[in-house]
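Residue-level structural notes
Here is what each chain is made of, one letter per residue.
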Amino acid sequence: MALAPVGMRPQHYTLILHDSMDPGVHFARCSSKLRSLRGDSVNLKEELNLLFDQFISENYYQTISPSINFRPEDVCILLRHACALVPQSNEHLVIKFCQLVHHLLNQLKVIVDEPTLHALVSYIVRALSVCSKWTHAEVLLALSTVLYGNGPQCQKHLHGLLGEQGLLLLYSAPSQPDLELRRVALSCMTNICLGIPGQLSVEDKYRNQCYGIFLKALQAPKPHSCDELLYSGALKGLHCCLSGVKWRFGGGEEVGALLATLKRLMFQGTPGLSVEWPSVLYAAPLPQYEGPSTPKPPEPPKEAATPGKASTNKKKKTRGKGGGGGGAAGGGESSTKPPTASLYPAWKRTSSDSEFSDLEGSAQCKLRLYHGRVRQSALHCLLAVVRGVDKRMLYGYWSSFIPDAPMAGPPPLTLLSIVLKDPSPKVRACALQVLSAMLDGSRQFLGVAEDTATPRPSFTPFSLSLAATVRELHRCLTLALLAETSAQTLTQVIKCLAYLVSNAPYQRLRPGLLSPLWRHLRPYVRHRDVNVRVSALTLYGAMVTAQAPLPEVQLLLRQPEGSGGGGSGAGTPQDAALSWRHRDGLSSPSKTPGSHGRSPRLRTPAEQEGAEPGSPWLLELCIQLVTETRDEQSDSEAGGTGAAVASEPSPVRLEALQVLAHLVRGYFCLAQVCMSELGQVSARCLQESDPSVQLHGTKLLDELGTGIIQQNRPESTVPLPARLPMSQVVEFWTEVLRGPLNGALQSEHHPTLQTSACDALSSILPLAFTQLEDKIQMMCITVLLGLTYSENSLVKAAAVRALGVYILFPSLREDVMFVADTANTILMALEDKSPNVRAKAAWSLGNLTDTLIVNMESVGTDFQEELSDMLLLKMLQSATRASADKDRVKCNSVRALGNLLHFLRYGQLTRSVFQRPLEEAVRVLVQTVQSEATMKVRWNACYALGNAFRNPALPLDSAPWSSDAFSSLCSVVTSCKNFKVRIKSAAALSVPARRGCYGDVERFIRVWHSLATALENSEETHDFLEYRYCASLRETLLQALMHLLSLSQWEDMPALGAALAGDEGVAIRGHLLRYLRGEGGDRGTAGEGESGTESLSVLQRTEALQQTLAGLRELQVEGEAEGVRRERESGRERVVDYLEDLLKSSAELELALSASAGPSL
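Reading the values: the criteria
- Residues numbered from 1 in each chain as written.
- Predicted model: local features only at pLDDT ≥ 70, side-chain atom pairs only at ≥ 80, totals over all residues.
- Heavy atoms only, no water.
- Helix = DSSP H or I, 4+ residues; strand = E, 2+ residues; numbered from the N terminus.
- Buried < 20%, exposed > 50% of the residue type's maximum accessible area, 1.4 Å probe, protein only.
- Contact = heavy atoms within 4.5 Å.
- Areas by Shrake-Rupley, 256 points an atom, 1.4 Å probe, with all protein chains shown as cover.
- Axes fitted to C-alpha atoms, helices over the stretch in contact; angles between N-to-C directions.
- Parallel < 35°, antiparallel > 145°, perpendicular 65-115°, else oblique.
- Left-handed = near helix turned anticlockwise from the far one by under 90°.
- Nonpolar A, V, L, I, M, F, W, Y, C, P; charged D, E, K, R; others polar.
- pLDDT = per-residue confidence, 0-100.
- Core = buried A, V, L, I, M, F, W, Y, C linked by side-chain atoms within 4.5 Å.
- Expected span 1.5 Å × (residues − 1).
- Phe/Tyr/Trp six-rings, centres within 6.5 Å; stacked < 30°, edge-to-face > 60°.
- Lys NZ or Arg CZ within 6 Å of the ring centre and 35° of its normal.
- Polar contact = N/O pair within 3.5 Å; in protein donor to acceptor, adjacent residues only side chain to side chain.
- Salt bridge = Lys/Arg side-chain N within 4 Å of Asp/Glu carboxyl O.

Here we come to the overall build of the protein. Across its full length, the protein holds 55 helices and 6 strands. Across the 1161 residues that make up the protein, the buried fraction comes to 53%. Put simply, of all contacts in the protein between residues at least 6 apart along the chain, 75% involve residues at least 24 apart. About 52,200 Å² of surface is accessible on the protein, with carbon and sulfur atoms providing 52% of the total.

Put into structure tokens, the structure is as follows:
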């Protein structure tokens, strides 16, 4: 019950009985009364005063009144009408009206429309110029509420608010004496810059102006009477400026100044801290900000966790201003208090530590709350900077926020200081979010870290410093893991560790970083909080995927669950929350995983000791988390149906399934001992009703199949006895294909599940597929062919891709009917409207044409004759059309064209129906080679031309397109920036086996000159990464030149002799000599297999050159004129002399090297 305000006329004294009235009804009644008022109404001021009080006294929060129903349009109409009624000469009513605006818009969560926005902003701006100064705080607060989310819509008012001499600039200036006005003005600018998803943002010039004002407010000295709310408002505004847009910082020290300000505010109000903060942070270490470099070995975690240990070193000296910077370049903080008091972990204190009275304690609590909000807001701003600025720009500032090693004396103030010692769990969580954002995507930067080499005492390389940073991150985050008591913050700690593990280069670091983390993390898998359990599994997944397989992780996986510090978590503060399921009795026999369904039986600890070595305990744990069940009737919250339900919530089970998939992918040799159990887990997941669990079950099945395929590849290093027996593989797939996978393939209502099931079906080992029963093989083929007619593009793409895998199976590729059915299906998919389907169809068409070449070489002409000519013609035409598609389609379409041109027989090529498609196919390949497409597409086009040249039936000597084909390859081999494309074009030029394929002398010599020029320029590149292919490129070019020499005829001798006797011969002589001696031809890892030609031994190269010499000497002249004969004879003598001198020089060098080496001991 509320009384009317004092001062109202007697006839208007009334009890406002609305306490029990519904807020929606109350709003409608008051709104109707207000809209009925007119400017000339009698007693207008009293009526307005009464109605405003009624509105303001009502609570419209939906959390308190969830049944309230209103329309935003009604609120906007009400406010527009009210502002037309309230005279600005009556300051009392102006204040009431501004309070009404703030009250309604704030509690009803309304963003006003554009007409209301313009009316209210115009009214408020006029009120600020008319009303007394004591009203301005309330007026500005109303303006702030009106501007919320409407910054882009009030463009015509922004100049008056933010332009030169704008109202908000005046109120927010540091010279403004009224701090409340300044704070509310900053709030107005914050709401102008606030970005709403899906809407335009405010213009850059106004955003930049607000950004500068916010930053100046944070950098200015804090007034004595100012509370922390001013900093909180400015930080919120700064966050709005930085969020949602890719911020472009100017040159100079702009980034450093912002980071220095945020770093200072990150520690605002930290107990016992008094630091001189620099105004700018620099990306490079500067002498005035560089602290002493006194490295010491990392301390054990127990000692490192003890406060004040580092303060015992009294010999520490400082330089300049950076006494406390430690390893943080650009930090520039120097503590002026004893280090023992710095950053004492106040959140560890008990209530008995308080030194304040109740009144003082209340004030101190409020101050600590404000300080915590400032630190939290500063970290939010830093997070926006990390996400919005190019990461490469921020790498130079890492040392200001992340220490590189534990230092003697006071530790540097970094994000890890907050993570370990800030009293507020929310602030610690924010610091962890910033650290996670910095680590996310830093793999390339951290990849430089290395500490396996012997350190140099006089020089510390950057790689060693970065490795020390990684180790310090591990140490501090592990301490935070053990010390954290807040479940939400603990989740952030584990997530941050997952980001670190995912990006750190453990192969370049000394082992031992993951073992403590692995051991300490084990108890958190059974934490009471679900999010902690999920994040712990995520971290385990990151560890088993980090540069897998890592020897350290292999050892950790082989350790039994109880070994290696099984009680490592015994001293942690979270023990009361760990292993809670076991305390609740879930380990009882009636609730074991095998008591319901087909759950795999888990080994007891006694059985684990005698289990086969290499059985990963983590795999057993994840299987248990996925399959563990309980009876509903034993749960007090259930209905007592007696049905078996999963013990773990869905997020934990899904994360456990992902860890299983990561384990199988990275450590299949360890996981294969549980192959049967993993198959049962997948089958059980497919039988569940949750689509997410089904999807993860099929992905696990896909990883199992892929692991078996990888293990049985020809290049696999796994010894045969260690591989999974083929009988077990066949048995595994038989059970899977007879089980629920077939149902997943036919689940039309879950296309994502169908897609994943198709991927799993395509991961069957070809040899195992051959040994499956015929009806199972037929089922797989029939299902895949049927799914290519699916209306869902994802399902169709997956089915087409799976057929592209099956066409490579030895048992299917020689089946003409299956090849024809698959080809027709692929050609149909190649015309699909979905780019993804077309890309998969082009890849499958490339695989299909690969099998045509294999069958041509293994089966012979019988297979070629059985395949329909019209089908081949359709494939040629479809591949030609697809070569004009996007690059992801084109790269495989040109590969298919090369295979088809290689496969076609002479009888087909001479038919008129093939003539035009043949010319169009070659023209497409030539255009693709010379185009500006991606290098992968051009590489495939060069490969396709070389593949086509292998067909002896192609009329390379007479076809009009032949000259264009050779010209395009000659152009690419000399001018392409990508060396891999040059290698493939040189390999293609060396394919033709007959001299006539190269055409006349002019074309033959043009090919020679192109290869020689490319050899001379084989080390000229603007991209340093291309140098790794130099050796492979030279070897391919030299083999091509030697191939041309071996095919050369009498008419080629004058031009070849002139080329070898001139500058060109001198330029390539050294390369040829090294080629003969096997020097500089080592392709290395990067170039291995890129040339497409077989690398010859030194003896083979010498013998090939000798055979070429013998063939040149045996060349005979037939019916040539005397002058022509003499010219050709002279050219041959030059070529022969050049090659003989080459062989002689190679032999002399070999003898000289043998003599200098002396007799072997």
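Moving on, there is more to tell.
Let us look at the packing of helix 31 (residues 691-711) against helix 34 (residues 751-761). One way to put it is that helix 31 packs onto helix 34 with a least axis distance of 8 Å and a crossing angle of 15°. Comparing their axes, helix 34 and helix 31 come out roughly parallel. Seen along the crossing, helix 31 lies across helix 34 with a hand that is left-handed. Every residue of helix 34 that contacts helix 31 at Gln694, Leu695, Thr698, Lys699, Leu701 and Asp702 is listed here: Thr752, Leu753, Ser756, Ala757, Asp759 and Ala760. Residue composition of the contact of helix 31 with helix 34, by class: 5 nonpolar, 4 polar and 3 charged.

Looking at the protein as a whole, its pLDDT mean stands at 81, while 80% of the residues score no less than 70. Below pLDDT 50 for its whole length, residues 1-19 participates in 28 contacts with residues either more than four positions away or in separate chains. Here residues 284-357 scores under 50 on pLDDT; set against residues more than four positions off or in separate chains, the count is 131 contacts.

Attention now goes to the nonpolar core. Core analysis: the biggest nonpolar cluster contains 345 residues, and Leu618 and Tyr806 have the highest contact counts within it. Leaving out residues up to four positions away in the same chain, Tyr806 has contacts with Leu761, Ser762, Ile764, Phe769, Cys780, Ile781, Leu784, Leu812 and Phe818.

Counting along an α-helix, one turn takes 3.6 residues, and residues three or four places apart therefore face a common direction. The end-to-end C-alpha distance of helix 12 (residues 254-266) is 18 Å, a good match for the 18 Å that 13 residues give at a rise of 1.5 Å each. Counting buried positions over the 13 residues of helix 12 gives 12, a clear majority of the element. Within the sequence span of helix 12, burial applies to Val255, Gly256, Ala257, Leu258, Leu259, Ala260, Thr261, Leu262, Lys263, Arg264, Leu265 and Met266.

Cis geometry marks the peptide bond from Ala548 to Pro549, where omega comes out at -5°. Despite not being glycine, Lys109 has its phi angle at roughly 55°, a positive value. Tracing the sequence through the fold places Lys109 in the loop between helix 4 (91-108) and helix 5 (114-130). The exposed category is assigned to Lys109, whose relative accessible area is 64%.

Attention shifts here to the side chain of Glu472. Of note, Glu472 is situated in helix 20 (residues 462-483). Relative accessible area serves as the criterion here: at 4%, Glu472 is assigned to the buried category. Every residue in contact with Glu472, bar those within four places of it in the chain, is listed here: Pro403, Asp404, Ala405, Pro406 and Leu416.

Evaluated as defined, the whole model comprises 19 aromatic pairs. Ring geometry for Phe769 and Phe809: centres 5.1 Å apart, planes at 55°, overall tilted. Residue Phe769 is found in helix 35 (residues 766-771), and its partner Phe809 is found in the loop between helix 37 (793-806) and helix 38 (810-813); the two are separated by 40 residues along the sequence. Both residues of the pair, Phe769 and Phe809, count as buried. When the ring of Trp939 is compared with that of Tyr943, the centres are 6.0 Å apart and the planes differ by 5°; the resulting orientation is stacked. Of the two residues, Trp939 and Tyr943 both sit in helix 46 (residues 935-949), 4 residues apart, roughly one turn of that helix. These aromatic residues form a ring-pair network of at least three members: Tyr395, Trp398, Phe445 and Phe462. The ring of Phe401 is capped by Lys263, whose NZ or CZ atom sits 5.9 Å from the centre of that ring.

Look at helix 23 (residues 530-545): 23 Å from first C-alpha to last across 16 residues, which is about the 22 Å you get at 1.5 Å a residue. Regarding helix 23, the residues found buried are Val532, Arg533, Val534, Ser535, Ala536, Leu537, Leu539, Tyr540, Gly541, Ala542, Met543 and Val544. Its side-chain oxygen placed 2.9 Å from the backbone nitrogen of Asn531, Asp529 serves as the N-cap of helix 23. Two residues or fewer after helix 23 comes Gln547, characterised by a positive phi angle close to 45°.

To continue, consider the pattern of salt bridges. Applying the stated rule across the entire model yields 30 salt bridges. With a shortest N-O distance of 3.5 Å, Arg510 and Asp451 are connected by a salt bridge. Remark: Asp451 occurs in the loop between helix 19 (443-446) and helix 20 and Arg510 occurs in the loop between helix 21 (487-503) and helix 22 (514-521); sequence separation between them is 59 residues. Exposure remark for Arg510: the relative accessible area of 44% places this residue in the partly exposed category. The exposure class of Asp451 is buried, given its relative accessible area of 7%. A network of salt bridges, in which partner residues are shared, links Arg526, Arg533, Glu628 and Glu648.

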